Amino acid sequence: MSDKEIEIGDDITIDVIVDENNVVMGAVSDEVLVITSEDGSIVDETIDVLDADGSLLMEDEKISVYDADGNLVAESETIAIALDPDATS
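Here is what the cut-offs are and how they apply
- Residues numbered from 1 in each chain as written.
- Predicted model: local features only at pLDDT ≥ 70, side-chain atom pairs only at ≥ 80, totals over all residues.
- Heavy atoms only, no water.
- Salt bridge = Lys/Arg side-chain N within 4 Å of Asp/Glu carboxyl O.
- Helix = DSSP H or I, 4+ residues; strand = E, 2+ residues; numbered from the N terminus.
- Buried < 20%, exposed > 50% of the residue type's maximum accessible area, 1.4 Å probe, protein only.
- Pairing = 2+ DSSP bridges.
- Contact = heavy atoms within 4.5 Å.

## Things to note about the pattern of salt bridges
Scanning all chains against the criterion turns up one salt bridge. Of the charged contacts, one joins Lys-62 and Glu-75 as a salt bridge, the two residues approaching to 3.7 Å between their closest N and O atoms. Here Lys-62 is found in strand β4 (residues 56–67), whereas its partner Glu-75 is found in strand β5 (residues 72–81), with 13 residues between them in sequence. Since its relative accessible area comes to 46%, Glu-75 is described here as partly exposed.

## Side note on the pairing of β4
Looking at chain direction, strand β3 (residues 40–51) and β4 are connected through eleven bridges and run antiparallel. From the neighbouring strand, Ser-41 faces β4, where its bridge partner is Tyr-66. Two successive antiparallel strands, β3 and β4, enclose a turn made up of four residues, where Gly-54 displays a positive phi of approximately 90°. Summarising the sheet, β4 and β5 pair through nine bridges and their orientation is antiparallel. Counted as the bridge partner of Lys-62 is Glu-77 from β5. Between β4 and β5, which follow one another and run antiparallel, lie four residues, and Gly-70 among them has a positive phi close to 85°.

## Details of the side chain of Ser-41
Relative to the helices and strands, Ser-41 resides in strand β3. In this structure Ser-41 comes out as buried when scored by relative accessible area, which is 17%. In this structure, Ser-41 is in contact with Ile-35, Thr-36, Ser-64, Val-65 and Tyr-66, ignoring residues within four places of it in sequence.

## Points about the side chain of Ser-29
Tracing the sequence through the fold places Ser-29 in strand β2 (residues 24–37). When its relative accessible area of 10% is taken as the criterion, Ser-29 is described as buried. Among residues more than four places away in sequence, those in contact with Ser-29 are Thr-13, Ile-14, Thr-46, Ile-47 and Asp-48.

## Comments concerning the pairing of strand β1 (residues 7–18)
Sheet analysis places β1 next to β2, joined by twelve bridges and oriented antiparallel. Directly across from Gly-9, in β2, lies its bridge partner Val-34. As consecutive antiparallel partners, β1 and β2 are separated by five residues, and within that stretch Asn-22 has a phi angle of approximately 60°, a positive value.

Have a look at this one:
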């Protein structure tokens, strides 16, 4: 078994979106997961946009990999948008 130490941190922020009458229109959640070791780190950030019913409208996930010196060595981003099931083609 390896003697390397791995640390994991997670932070989530949720902002509720309201209109001028304080009626909830939706929410945005931003979650950042950071995994670090002496070899480098991985940062996974996911931003979700939800409607007032809690249904997912859009998700943006960005994963960044850094070496031990903090240099960015790889990055990927995926954006997913929910399609309206009632829409016609």
